[in-house]
Amino acid sequence: MKIKQFEDKGLAHYSYAVLSECEREIVLIDPARDPQSYYDYAAANNAKIVGVIETHPHADFVSSHLEIHQQTGATIYTHSLVAADYPHQAFDEGAVLELGKIKLRSLHTPGHSPDGIIIVLEHEGKDKAVFTGDTLFIGDVGRPDLRESAGNITAKREELARQMYHSTREKLMKLDDNVEVLPAHGAGTLCGKGLSEANSSTIGAEKFGNLALQEMSEEAFVKMITEDQPFIPKYFGYDVDLNKKGAPAYLESLQGVRVLKKNAVPEAGVLVVDGRPQEQYKKGHIAGAINIQNGDKFETWLGSIVGPDEKFFLVAASEEALNQLMEKAAKIGYELLVEGAFVYDKEGGKASEAFDRETFKAEENGFTVVDIRNSSETKAGKFFQQSINIPLPELRERAREIPTDKPVVVHCAGGYRSAAGSSILESLLPVKVLDMSEAVTALKNN
């Protein structure tokens, strides 16, 4: 018996293949959008993919369960409460899938979602591992506030938080201490807070070190896991619904994106997402384009800034970068929103105003400072006491709250978000907008 963990670092997502070496059969758990790595693993082990288990309809990425079923004939297993639109077999509390000497047992663990399950792996009569989906992470539990407006069943965060309290204590914590914990996400996901960098643990280690599993009242637990959660990206509800329905085949869908000639002229009124490095963007760009740079978290910020009801053009500096951006967009199902994609290296275009640090330090009161960090970050304090805090995911909708009697300076914590934020305000405000980038300690008010 082998367990293979696959990692998507951009989305901090873990998926798994359980291989029965005797039967040469594989069951996948929570697969990512691109199924090729699973096909490669099956081929390398001369094995057949016979099953795909979805622990719940994921909010932060699109799964390839339907495509894998269509390509391999593998049965999809998920909880009946999902009311999935794709062909599937209900995998409710106590259901068992046998794979040679391996038994995969479903436990219903509502909390992150009403329809969530965990999968206990039993080998040769002993529980060896538990695939915890988004119920239990290393150092945390799944957030309970993502299903208030999406999916077949909606539930309020407090109701789900209470269910999580019982799921952890009555199901997970009753497993043997040496059972390995294999979650669907690691540090960097927006499906929880305070996750460890570790990619696995044990029930015993989590009972000892995971704050959410310590002895406390139900009320204290609910308060702890409902406060200070990260923001909810715009695309999360869209992905829940897309996963419930089943996404189109990955490569086929990417090939359906309209690729335009270099330096194409987008039609008026359609949003442009410019994924080039900010240095190139600031020298010259299409008026109104939003600069979401190609980086480790491109897909997260794309789905946080652009809503699933919007069409957009996608721009990159090279064909290679354009392909990367389209693949990242597809991980959250946003290739379906791309009106056209093209390489842009045209000289000229609209240039961005350069930020002069010395001028700002000398005349700080002559600027309106906009801090686009998240509210959880600004709780620790502001860099500038007079600054206005509008988190980047809310900036397009709240731009009118910003006074326009002075030039506007935008900053974040590390520089990546401020490039996007300043590009958003550049086209929405009738004043000069400057990108401070990182608000360094030297500029902090004492």
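The following paragraphs examine the structure supplied in this document. (Residues numbered from 1 in each chain as written. Predicted model: local features only at pLDDT ≥ 70, side-chain atom pairs only at ≥ 80, totals over all residues. Heavy atoms only, no water.)

**Quick notes on the sheet that holds strand S2 (residues 13-20)**
Across a sheet, strands are paired by hydrogen bonds formed along the backbone, either parallel or antiparallel in direction. Pairing is mixed across the open sheet formed by six strands, whose spatial order is S1-S2-S3-S4-S5-S6. Across the chains shown, the open sheet's two edge strands, defined by having one partner strand only, are strand S1 (2-8) and strand S6 (89-90). Note that strand S4 (residues 48-53) and strand S5 (residues 75-78) share three bridges and pair parallel. Bridge pairing in S5 links Ile 53 to Tyr 77. Against the sheet, helix H1 (residues 36-44) engages S1, S2, strand S3 (25-29) and S4, with an angle of about 155 degrees to S1. (Pairing = 2+ DSSP bridges. Helix = DSSP H or I, 4+ residues; strand = E, 2+ residues; numbered from the N terminus. Contact = heavy atoms within 4.5 Å. Axes fitted to C-alpha atoms, helices over the stretch in contact; angles between N-to-C directions.)

**A short note on unusual backbone geometry**
Despite not being glycine, Arg 24 shows a phi value in the positive range, around 55 degrees. In this fold, Arg 24 is placed in the loop between S2 and S3. Under the relative-accessibility criterion, Arg 24 is labelled partly exposed at 28%. Notably, Asp 30 is not glycine yet its phi reads approximately 55 degrees, a positive angle. (Buried < 20%, exposed > 50% of the residue type's maximum accessible area, 1.4 Å probe, protein only.)

**Describing the pattern of salt bridges**
Applying the stated criterion across every chain yields a total of 25 salt bridges. When the shortest N-O distance is used, the salt bridge between Glu 219 and Arg 162 registers 2.9 Å. Of this pair, Glu 219 sits in helix H5 (residues 218-226) while Arg 162 sits in helix H3 (residues 157-170); the two residues are 57 residues apart in sequence, bridging distant segments of the chain. Arg 276 is the salt-bridge partner of Asp 274, the closest N and O atoms lying 2.8 Å from each other. The exposure class of Arg 276 is buried, given its relative accessible area of 3%. One salt-bridge network, in which partners are shared between bridges, spans Glu 158, Arg 162, Glu 218 and Glu 219. (Salt bridge = Lys/Arg side-chain N within 4 Å of Asp/Glu carboxyl O.)

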